[in-house]
Amino acid sequence: MGRTVFCQHLQKEDDGLDFQFYPGEVGKRIFDNIGKTAWALWQKKQTMLINEHKLSMMNAEDRKFLEETMVAFLFEGKEPKIEGFTPQK
């Protein structure tokens, strides 16, 4: 049986992540406070951002941009700007 968390992004109980997907303190915060549903939403947006901005995970500035955008999306409810994408209401 999996664990549940109160997902800060969705503001409701959700299945917790199976393990810490992201390193460090940010990863711990995500593991403790973000559910599987919100994490899946972020992964889709992350893929769109990487493709649109042609980000390289070898580049420290690109990784920093992606982490800041991830934290803003998951914890502050800020929708990332993705050209040609309109979020569903």
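Predicted model, so just to flag it, every value in this text is computed and none were measured.

**Q** Quick one: what's the story with the nonpolar core, residue by residue and with numbers?
**A** If you look at the biggest cluster of nonpolar residues, it comprises 16 residues, and the most contacted ones within it are Ile 30, Ile 34, Trp 39, Trp 42, Met 70, Leu 74 and Phe 75. Looking at this core element by element, the count peaks at six residues for helix H3 (residues 60–76).

**Q** Which residues make up the side chain of Asp 62, and what are the values?
**A** Residue position: Asp 62 is located in helix H3. For the buried Asp 62, no salt bridge is present, and the opposite-charge side chain at shortest range is Arg 63, 8.2 Å distant. Sequence-distant contacts of Asp 62, that is, excluding residues within four places in its chain, are made with Lys 54, Leu 55, Ser 56 and Met 57.

**Q** Residues and numbers for the environment of Trp 39, please.
**A** Tracing the chain through its elements places Trp 39 in helix H2 (residues 36–53). Of the residues examined, Trp 39 reaches a relative accessible area of 9% and is grouped as buried. Once the C-alpha coordinates of Trp 39 and Gly 16 are considered, the two residues, 23 residues apart in sequence, prove to be 9.6 Å apart. Excluding residues that lie within four positions of it along the chain, Trp 39 makes contacts with Leu 17, Phe 21, Ile 30, Ile 34, Met 70 and Leu 74.

**Q** Which residues make up the packing of H2 against H3, and what values do they have?
**A** Their axes nearest at 11 Å, the elements H2 and H3 cross at an angle of 145 degrees. The way H2 lies across H3 gives a crossing that is right-handed. Only Phe 65, Leu 66, Thr 69, Met 70, Phe 73 and Leu 74 of H3 make contact with H2, whose side of the interface consists of Ala 38, Trp 39, Leu 41, Trp 42, Lys 45, Gln 46, Leu 49, Ile 50 and His 53. Partitioning the contact of H2 with H3 into residue classes produces eleven nonpolar, three polar and one charged.

**Q** Could you give an account of the pairing of strand S1 (residues 4–7), naming the residues involved and the relevant values?
**A** Burial along S1 is one-sided: Val 5 and Cys 7 are buried, while Thr 4 and Phe 6, pointing the other way, are not. Where S1 lies against strand S2 (residues 12–15), four bridges are found, and the strand directions are antiparallel. Within the sheet, the bridge partner assigned to Val 5 lies in S2 and is Asp 14. Hairpin connection from S1 to S2: four residues lie between these consecutive antiparallel strands, with Gln 11 at a positive phi of about 60 degrees.

Parameters and conventions
Residues numbered from 1 in each chain as written. Predicted model: local features only at pLDDT ≥ 70, side-chain atom pairs only at ≥ 80, totals over all residues. Heavy atoms only, no water. Core = buried A, V, L, I, M, F, W, Y, C linked by side-chain atoms within 4.5 Å. Buried < 20%, exposed > 50% of the residue type's maximum accessible area, 1.4 Å probe, protein only. Helix = DSSP H or I, 4+ residues; strand = E, 2+ residues; numbered from the N terminus. Lys, Arg positive; Asp, Glu negative; His and termini not counted. Salt bridge = Lys/Arg side-chain N within 4 Å of Asp/Glu carboxyl O. Contact = heavy atoms within 4.5 Å. Axes fitted to C-alpha atoms, helices over the stretch in contact; angles between N-to-C directions. Left-handed = near helix turned anticlockwise from the far one by under 90°. Nonpolar A, V, L, I, M, F, W, Y, C, P; charged D, E, K, R; others polar. Pairing = 2+ DSSP bridges.

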